[in-house]
Amino acid sequence: LPPSLPPSSSCKTSERKSRGGKAETWSRGAAKEKTLECGQIVWGLAFSAWPAAEDGDTDPACAMGLPCLVLATGLNDGQIKVWEVQTGHLLFSLLGHQDVVRDLSFAPNGSPILVSASRDKTLRVWDLSRDGRQVQVLSGHVQWVYCCSISPDCSMLCSAAGEKSALLWSMRSYTLIRRLEGHQSSVVSCDFSPDSALLVTASYDACVIMWDPYTGEQLRTLRHVPLHSTLDSSSEIHTSSLRSVCFSPEGLYLATVADDRLLRIWALELRSPVAFAPMTNGLCCMYFPHGGFIATGTRDGHVQFWTAPRVLSSLKHLCRKALRTFLTTYQVLALPIPRKLKEFLTYRTF
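Values in this document were obtained by computation on a predicted structure and should not be read as measured data.

Colleague: Before we move on, could you go through the overall build of the protein chain and cite the residues and values that matter?
Modeller: Across its full length, the protein chain carries four helices and 25 strands. Within the protein chain, the proportion of its 350 residues that are buried is 47%. Relative to all contacts within the protein chain whose residues are 6 or more apart in sequence, the contacts with residues 24 or more apart total 44%. When the accessible surface of the protein chain is summed, it comes to about 17,400 Å², and 54% of that surface belongs to carbon and sulfur atoms.

Structure below.
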């Protein structure tokens, strides 16, 4: 499916109701649109991962006076504006960056921690439970920072800039753990697997490298070979410089967007793509949280949606994913279990 959603020309906070009746319920098909007055070009977006309150429980976000769902926007002037999604109310204007805020990432564990990546070559950590206080400034990149990703277990942060190495940070001490060196050109995108056991980085060198973030070991390299048959004979041959990479929700697939006009889907255990889709001007990609669909963003201002392979995870993979959610690579290697089982649990075999 390639239905596209053009960007709104205005960011003014407003609501519009459909002619056909009440707009209180989305489920009845009532169109209720909302736009936010950002005042600047919006480069990055992130929804909070704060869970909804269950019966008898108090939602951690609501308990501290914040809404249960917020949206952070990274702006052209270095500001970050944080909004209440339901009402469109501006909660915070976070000041500190000196240039474009290129990417944003909320801590996946429901804590009100936000990390921002900027062209000012820094990452900044913000605590929304403390009135948006800036907790830490992470310096170490010498180029614009394009991408930041927090591991699902919230122990690590990976950042990618216009450099040949990605940086891995501790989310506990906010210190640099290691540089991940192996690419031959600028690293522009990164993402953790759902169990935090794998990290992938994408580069202009047309390669995706799969890492063990705990040891820094390179586990696999996926090379983007141009498929000339997909291009018009009259067109120039485009390089396969990568723009974006992301994991599927169950952790068995990767999606990549490259400059050779292709969206690729990769199975974790294979070294060649299992599906392709032609697209032009692709810049970013993201899986729907429950799988089955991929959204891609383009330079010409469109978001396209694509059906993605659905998979029923094997019992082996489900067990590995459950164990790796709370065991590091070193803890797995210390277990009194057979070597082949250790290799499987640490993704040394697929």
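Colleague: Outline the confidence of the model for the protein chain, listing residues and values.
Modeller: Note: predicted coordinates in regions of low pLDDT should not be interpreted at a detailed level. On average, residues of the protein chain score 81 in pLDDT, and 81% of them reach the 70 mark or higher. Per-residue pLDDT, averaged within each element of the protein chain, yields its smallest value for strand β1 (residues 14-17) (40) and its largest for helix α3 (residues 329-333) (97). This model gives residues 1-32 a pLDDT under 50, and the stretch forms 49 contacts once residues within four places in sequence are excluded. When the criterion is pLDDT under 50, residues 51-61 qualifies, and its contacts beyond four places in sequence or with other chains add up to 10 contacts.

Colleague: Explain the sheet that holds strand β10 (residues 133-139) residue by residue, including any values.
Modeller: In spatial order, the strands read β7-β8-β9-β10; together these four strands make up an open sheet with antiparallel pairing. Bordering the open sheet on either side are β7 (101-106) and β10, each of which pairs with just one other strand. Between one strand axis and the next, the sheet turns by 20° as a mean value, whatever way the strands run. Relative to strand β9 (residues 122-127), strand β8 (residues 113-118) is paired through five bridges, and the arrangement is antiparallel. Counterpart to S116 in the pairing with β9 is R124.

Colleague: Go over the packing of aromatic side chains with me, naming the residues and quoting the values.
Modeller: As enumerated under the stated definition, the model contains one aromatic pair in all. With centroids separated by 6.5 Å and ring planes inclined at 80°, the aromatic side chains of F288 and F293 adopt a geometry described as edge-to-face. With relative accessibility at 41%, the residue F288 sits in the partly exposed group. Sitting over the ring of F344, R320 keeps its end group 4.1 Å from the ring centre.

Colleague: Describe the environment of P108, listing the residues and the values that go with them.
Modeller: Following the sequence through the fold, P108 ends up in the loop between β7 and β8. Put simply, P108 and S48 are 60 residues apart on the chain and 8.0 Å apart in space, counted from C-alpha to C-alpha.

Colleague: Could you give an account of the pairing of strand β25 (residues 303-307), naming the residues involved and the relevant values?
Modeller: Burial along β25 is one-sided: Q304 and W306 are buried, while V303, F305 and T307, pointing the other way, are not. Note that strand β24 (residues 293-298) and β25 share five bridges and pair antiparallel. Looking at the pairing, G297 lines up with V303 of β25. Between β24 and the antiparallel strand that follows it, β25, lie four residues; G301 among them carries a positive phi value of about 85°.

Colleague: Mind laying out the UniProt feature "repeat: WD" (unreviewed entry) in the protein chain, listing which residues take part and the relevant values?
Modeller: Per the UniProt record, the feature "repeat: WD" (unreviewed entry) sits at residues 71-93, 94-129, 138-179, 180-221 and 235-269. In residues 71-93, helix accounts for 0% and strand for 61%; the two terminal C-alpha atoms are 12 Å from one another. The span residues 94-129 is 0% helix and 53% strand, and its two end C-alpha atoms sit 13 Å from each other.

Colleague: Could you give me a rundown of the pattern of salt bridges, with the residues and numbers involved?
Modeller: This structure, assessed with the given rule, holds six salt bridges. R124 is the partner of D120 in a salt bridge, and the nearest nitrogen-oxygen pair spans 3.8 Å. You can call D120 buried: its relative accessible area is 17%. Since its relative accessible area comes to 11%, R124 is described here as buried. Between E217 and R348 there is a salt bridge, with its nearest N and O atoms 2.5 Å apart. One end of the pair, E217, is in strand β18 (residues 217-223); the other, R348, is in the segment after α4 (339-345), and 131 residues separate them in sequence. Counted as one network, the salt bridges with shared partners bring together D212, E217 and R348.

Colleague: Residue-level account of the sheet that holds strand β19 (residues 242-247), with values.
Modeller: Remark on secondary structure: sheet strands pair via backbone hydrogen bonds, oriented parallel or antiparallel. Strand order in the open sheet made by the four strands is β19-β20-β21-β22, with antiparallel pairing throughout. At either end of the open sheet lies a strand with only one pairing partner, and these are β19 and β22 (273-278). Across the sheet, the axes of successive neighbouring strands diverge by a mean angle of 15°, strand direction being ignored.

Conventions we followed
- Residues numbered from 1 in each chain as written.
- Predicted model: local features only at pLDDT ≥ 70, side-chain atom pairs only at ≥ 80, totals over all residues.
- Heavy atoms only, no water.
- Helix = DSSP H or I, 4+ residues; strand = E, 2+ residues; numbered from the N terminus.
- Buried < 20%, exposed > 50% of the residue type's maximum accessible area, 1.4 Å probe, protein only.
- Contact = heavy atoms within 4.5 Å.
- Areas by Shrake-Rupley, 256 points an atom, 1.4 Å probe, with all protein chains shown as cover.
- pLDDT = per-residue confidence, 0-100.
- Pairing = 2+ DSSP bridges.
- Axes fitted to C-alpha atoms, helices over the stretch in contact; angles between N-to-C directions.
- Phe/Tyr/Trp six-rings, centres within 6.5 Å; stacked < 30°, edge-to-face > 60°.
- Lys NZ or Arg CZ within 6 Å of the ring centre and 35° of its normal.
- UniProt positions renumbered as here; feature names shortened; annotations may be inferred.
- Salt bridge = Lys/Arg side-chain N within 4 Å of Asp/Glu carboxyl O.

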